[in-house]
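Analysis of the macromolecular model
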Amino acid sequence: MKSKPAIEGGKPVRDSFLVFGQPDISDDELNEVIDTIRSKWIGTGPKTHKFQEEFRKYIGAKYAHATNSCTAALHLSLIAAGIKPGDEVITTPMTFCATANAIIHAGATPIFVDIDKTTLNIDVNKIEEKITKKTKAILPVHFAGRPCNMDKIQEIAKKYNLVVIEDAAHAIEAYYKNKKIGTIGDLTCFSFYVTKNMTTVEGGMVTGNNEELINKIRILSLHGMDKDAWKRYSDEGYKHYMVVEAGFKYNMTDIQASFGLHQLKKINENFEKRKKIWKMYDEAFADLPLIKLANPDDSGLHARHLYIMILDLGRLKVNRDYILEALTKENIGVGVHYISLHKHPYYKNLLNLKDDDFPNSSFISDRTISIPFGSYLSDRDVEDVINAVRKILTFYWEG
Ligand SMILES: *Cc1c(COP(=O)(O)O)cnc(C)c1O
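If you're wondering where the values come from, they're calculated on a predicted model, not measured in any experiment. (Residues numbered from 1 in each chain as written. Predicted model: local features only at pLDDT ≥ 70, side-chain atom pairs only at ≥ 80, totals over all residues. Heavy atoms only, no water.)

**Focus: the sheet that holds strand β2 (residues 88-91)**
Read across the sheet, seven strands follow the order β1-β9-β8-β5-β4-β2-β3 without closing on themselves; strand pairing throughout is mixed. Only two strands of the sheet have a single partner each, and these edge strands are β1 (63-67) and β3 (109-112). Ignoring which end each strand starts from, the neighbouring axes of this sheet average 25° apart. Packed on one face of the sheet, helix α2 (residues 46-59) meets β1, β8 (187-191) and β9 (204-208) and runs near 135° to β1. Relative to β3, helix α4 (residues 97-105) is tilted by about 140°, and along the sheet it contacts β2, β3, β4 (135-139) and β5 (163-167). (Pairing = 2+ DSSP bridges. Helix = DSSP H or I, 4+ residues; strand = E, 2+ residues; numbered from the N terminus. Axes fitted to C-alpha atoms, helices over the stretch in contact; angles between N-to-C directions. Contact = heavy atoms within 4.5 Å.)

So this is what it looks like as structure tokens:
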């Protein structure tokens, strides 16, 4: 007997609401924040530098610079790489709006290339047909934590002399083949937003192997001042600074870095927890009306940021939005990653885009659903998510 969904008047799987995408914070972060406040150095200072250096070592890149968000990191990377008004930057429409907004804020035009339906990443075989004389950069997104085909992207970049800036907001732990994400393209941007694999509440980082690019980013991130400005008031004595660029206010603070230092220490442990939950979900949902994606670790190591299900609507009686509503009524929080950017009014109107231009992104847009996934979940939470998903998808299964 199929049990009745709460949306149809039945009893929900859970009594209390399970929030989607919670952080996993312990007393270590709390104590570090208190220590920072007591030290009275709460802005950009020694802890930001320490965190930046530890993150750099973790990634294995030559250089790193901390920012107050990944959006800021992307914006600075584009400017440092010389992207200017009139330039075109190739990216994916299946991403968070920040990716494309950063291109707009650099004065350039985002050129969307459709995704591969089984990896949900940019289809590398469709990049070259979108390259024009104005193309200056490729901005791939390692979607949900799955590494893009970087061999092909680097090959195209070399052939057309393009900069590669990677959006690794989902992909801190990821490897492409045996190379860590953050060591491949010219610049790679990471996010420490609340819902990401590790958090500093708000925060970001750029890594790369080109000293000149990272130096530009460092100067641009703090008003365009030429000195390590946080040292101005240190015991080394007052130092003058010169403004060499019209920079931004994109610096990380020591309060944020206090979170980061401890979140980074737990990154492997939390990743192992997510791997376990991922496997349990995969096994529990194997027979449900879902469209299969490529194996996560086909081309390296998937960072497992989001657990995404692609609904096989041909085998379901209701649409995706109804399933979202039904799971919410079971007290399970849900997300959609993402409504493809070509469907949002701003990009649709600006670039005159149609659904037919991006058949795969359009297809996924209508079918994708994300369920609670992260090291914050208890065994009981995981069990509830599994029961709710099975209950809902079984109830609305056609035939
Ligand atoms: C979260 C996210 C960003 C923006 O990160 P912030 O740190 O919030 O600025 C950029 N790109 C993608 C794909 C994201 O998911």
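**A word on the sheet that holds strand β12 (residues 307-311)**
Taken in spatial order, the three strands line up as β10-β12-β13 in an open sheet, and their pairing is antiparallel. Both edges of this open sheet fall to β10 (290-291) and β13 (368-371), since each of them pairs with a single strand only. Its contacts with the sheet place helix α9 (residues 320-329) against β12 and β13, and it is angled at close to 15° to β13.

**So, the site of the ligand**
Taken together, the neighbourhood of the ligand is formed by 16 residues, with Thr 71, Asp 167, His 170, Ser 191 and Lys 196 sitting nearest. Within the contact set of the ligand, a nitrogen atom lies 2.7 Å away from a side-chain nitrogen or oxygen of Asp 167. A distance of 2.7 Å separates an oxygen atom of the ligand from a polar side-chain atom of Ser 191. When isolated, the ligand has an accessible area of 380 Å², and the protein chains bury 93% of it. Of all the elements in the fold, those that place two or more residues in the shell around the ligand are α3 (70-80) and α4. Across the shell around the ligand, the residue classes tally to seven nonpolar, seven polar and two charged. (Near = heavy atom within 4 Å. Polar contact = N/O pair within 3.5 Å; in protein donor to acceptor, adjacent residues only side chain to side chain. Areas by Shrake-Rupley, 256 points an atom, 1.4 Å probe, with all protein chains shown as cover. Nonpolar A, V, L, I, M, F, W, Y, C, P; charged D, E, K, R; others polar.)

**Some remarks on helix α7 (residues 254-265)**
Spanning twelve residues, α7 covers 17 Å between terminal C-alpha atoms, matching the ideal 16 Å at 1.5 Å per step. In terms of burial, α7 is a largely internal element, ten of the twelve residues being buried. Regarding α7, the residues found buried are Asp 254, Gln 256, Ala 257, Ser 258, Phe 259, Gly 260, Leu 261, His 262, Gln 263 and Leu 264. Looking at the buried residues of α7, the elements they touch are α1 (27-39), α2 and α8 (267-284). (Expected span 1.5 Å × (residues − 1). Buried < 20%, exposed > 50% of the residue type's maximum accessible area, 1.4 Å probe, protein only.)

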